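An overview of the molecular structure
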Amino acid sequence: MHDTQSSGLTAFGTLRPRKLLGWAILLAGLALPFVHLLQRILADPVLTAALQAGSVAALATALGTVPVLLSQRLSDRAQDSLFGFGAGVMLAACAFSLIIPGLAAANAGGAGPWRSGMTVGAAILLGGIVLLALERWLPHEHFIKGKEGPEARTLKRTWLFVFAIALHNLPEGLAIGVGFAGTDPMRAGALATGIAIQDVPEGLVVAVALLAAGYRRSLAVGLGMASGLIEPVGAVIGAAVISYSAALLPWGLGFAAGAMLFVISHEIIPESHRKGHEAWATGGLMLGFVLMMLLDTALG
């Protein structure tokens, strides 16, 4: 009996290091493409700037979740005001940092006023259509409306929220990347700064909403922090696409604006007006719009 136990322990002792070694090799193999990709990104100054700006926005989102970690709660009125503030910042970013530069880029490329407007307008509609398709195809859950999309009933609520948050943050990341690849650094910096500013209350609202929906505090904060990670990814994608061809600049700027407009109208404003605090939400929207306008005109 003793020999059998000894042999079992010996086998377990030799098997465990092998498993650990196997997992280490597997993880190293999976990490190599990402390391190679990161090296290529860091070799390009435009992609590096987009990655850094997207990372700052992600950090701002994580920073916003700290009050929830410290057991702070927000009233519904405060949440709606912050939703409105974020919508205002994004609206101004669409107008001053994306649509107007997109029209100027199309004009600089030889297009007349009508052709420039039609190009950027078509790109705006395309951005909205793509976000609508993602919203229909990906199962997700709104903070108040509940579950939407195919197979929503079979997925855990945590992942439904993650999908919703990703849909919300992706246009912001794309806008940052397109801004750095297609506009001057000052204007791109103003855009990234405005998005980072509104990401702070956005991270707070996301964590509070998850906590109110019944998630553990640690999970709500963790998901709130992780919700911003899509922004540096989107920023690199947006910058890479525009860097590939300057002719795509008006389309990229318009596409990012259309995606953000879709999120504002379809997600943020309805959420901020659903609990009877429309005046506070509208006040937050106007304040956010003016702040982003000042940032863009003063810095850009």
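See the structure above.
First things first, this report covers the structure right here in the doc. (Residues numbered from 1 in each chain as written. Predicted model: local features only at pLDDT ≥ 70, side-chain atom pairs only at ≥ 80, totals over all residues. Heavy atoms only, no water.)

Digging into the overall build of the protein chain
Each helix and strand counted, the protein chain has 11 helices and 2 strands in total. Secondary structure elements of the protein chain, listed N to C terminal, follow the sequence α-α-α-α-α-β-β-α-α-α-α-α-α. Per-residue burial over the protein chain gives 44% buried out of 300 residues. Contacts in the protein chain between residues far apart in sequence, at least 24 positions, make up 80% of those at least 6 positions apart. Surface exposure of the protein chain reaches about 15200 Å², of which carbon and sulfur atoms provide 71%. (Helix = DSSP H or I, 4+ residues; strand = E, 2+ residues; numbered from the N terminus. Buried < 20%, exposed > 50% of the residue type's maximum accessible area, 1.4 Å probe, protein only. Contact = heavy atoms within 4.5 Å. Areas by Shrake-Rupley, 256 points an atom, 1.4 Å probe, with all protein chains shown as cover.)

A word on the pattern of salt bridges
Pairing between side chains of opposite charge can happen when the charged atoms of each approach one another. Scanning the entire structure with this criterion turns up 1 salt bridge. For D76, the salt bridge identified is with K275, shortest N-O distance 3.2 Å. Taken as a pair, D76 in helix α4 (residues 76-108) and K275 in the loop between α10 (249-272) and α11 (278-299) lie far apart in primary sequence, 199 residues in all. (Salt bridge = Lys/Arg side-chain N within 4 Å of Asp/Glu carboxyl O.)

Considerations on the side chain of S272
Position of S272 among the secondary structure elements: in helix α10. Relative accessible area serves as the criterion here: at 2%, S272 is assigned to the buried category. Engagement of the side chain of S272 in a polar contact is seen with the backbone oxygen of I269, the distance being 2.9 Å. (Polar contact = N/O pair within 3.5 Å; in protein donor to acceptor, adjacent residues only side chain to side chain.)

Section: the nonpolar core
Judged by nonpolar contacts, the single largest core of 44 residues is most densely connected at L98, A175, I176, F180, L191 and M260. The set of elements that each furnish at least two residues to this core consists of α2 (45-64), α4, α5 (113-137), α6 (157-182), α7 (185-212), α9 (230-244), α10 and α11. V68, L211, Y215 and V221 belong to the second-largest nonpolar core, a separate cluster that totals 11 residues. (Core = buried A, V, L, I, M, F, W, Y, C linked by side-chain atoms within 4.5 Å.)

Structural notes on a nonpolar patch on the surface
Taken together, the side chains of L126, V130, V233, I237, V241, Y244, L248 and W251 make up a nonpolar region of the molecular surface, amounting to roughly 730 Å² of accessible area. Put simply, the parts of the chain that give the nonpolar patch at least two residues each are α5 and α9. Broken down by element, the residue count for the nonpolar patch peaks at 4 residues, all from α9. Structurally, Y244 is set in helix α9. (Patch = residues over 30% accessible without salt bridge, like charges linked within 9 Å, V, L, I, M, F, W, Y side chains within 5 Å.)

A look at α4
Side chains three or four residues apart in an α-helix point the same way, a direct result of the helix having 3.6 residues per turn. Along its 33 residues, α4 runs 47 Å from first to last C-alpha, staying within 8% of the 48 Å computed at 1.5 Å per residue. Residue C94 marks the point of greatest curvature in α4, where the axis turns by about 35°. Among the residues trailing α4, G110 stands out with phi positive, at a value near 105°. (Expected span 1.5 Å × (residues − 1). Bend = angle between axes of the 7 residues up to and from the residue.)

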